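A look at the structure
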Amino acid sequence: MGGKAREIRIDTVRCKGCGICVEFCPTKVLILAEGAAAVADLDRCTACNLCDLRCPDFAITVVPSASEKTAA
């Protein structure tokens, strides 16, 4: 865990806008916008996966950078 994320996918159909992911994100990458989670600043993401792990609706997927995939 840790590093950089290439993408954070948010399934807006599954997301109910509870804000848990926003609260758990240590680098404040996510925001609530129009009733669902949204990425505010992907460059700040450390790929810690707390948003993915804490989402009760399984609406978030953190896609690690290519270098993170090879390092794992």
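Residues numbered from 1 in each chain as written. Predicted model: local features only at pLDDT ≥ 70, side-chain atom pairs only at ≥ 80, totals over all residues. Heavy atoms only, no water.

1. Overview of the confidence of the model for the chain
What counts, and what does not: Each residue carries a pLDDT score, the predictor's confidence in it, ranging from 0 to 100. Numbering of helices and strands starts at the N terminus; helices are DSSP runs of H or I of at least 4 residues and strands are runs of E of at least 2.
The pLDDT averaged across the chain works out to 91; a share of 89% of its residues lies at or above 70. Helix H1 (residues 20–24) holds the highest mean pLDDT among the elements of the chain, 98, whereas helix H3 (residues 66–71) holds the lowest, 59.

2. Regarding the nonpolar core
Threshold: Residues enter a nonpolar core if they are buried and are Ala, Val, Leu, Ile, Met, Phe, Trp, Tyr or Cys, with the set joined through side-chain atoms within 4.5 Å. Type-normalised accessible area, obtained with a 1.4 Å probe on protein chains alone, sets the label of each residue: buried when under 20%, exposed when over 50%, and partly exposed for intermediate values.
Of all hydrophobic cores here, the largest spans 17 residues; its most connected members are Ile8, Cys21, Leu30 and Ile60. Of all the secondary structure elements, the ones that give two or more residues to this core are strand E1 (5–10), H1, strand E3 (36–39) and strand E4 (60–64).

3. So, the pattern of salt bridges
To keep it simple, the criterion reads: By salt bridge we mean one thing: a side-chain nitrogen of Lys or Arg within 4 Å of a carboxyl oxygen of Asp or Glu.
Tallied over the entire structure, the rule returns two salt bridges. With a closest N to O distance of 3.8 Å, lysine 16 and aspartate 57 form a salt bridge. Of this pair, lysine 16 sits in the loop between E1 and H1 while aspartate 57 is found in the loop between helix H2 (50–54) and E4, placing the two residues 41 residues apart along the sequence. Under the relative-accessibility criterion, aspartate 57 is labelled buried at 19%.

4. Considerations on the environment of leucine 50
The condition is simple: Whether two residues touch is decided by their heavy atoms; if any such pair falls within 4.5 Å, the residues are in contact.
Within the secondary structure layout, leucine 50 lies in helix H2. Residue class for leucine 50 comes out partly exposed when judged on its relative accessible area of 28%. With residues up to four places along the chain from it excluded, the contact list for leucine 50 reads Phe24 and Pro26.

5. Regarding the pairing of strand E2 (residues 30–33)
Where we set the bar: A pair of strands is labelled paired if DSSP reports no fewer than 2 bridges between them.
Relative to E3, E2 is paired through four bridges, and the arrangement is antiparallel. The residue bridging leucine 30 from the neighbouring strand is valine 39, located in E3. The antiparallel hairpin formed by E2 and E3 contains two residues in its connecting segment, where glutamate 34 sits at a positive phi of about 55°.

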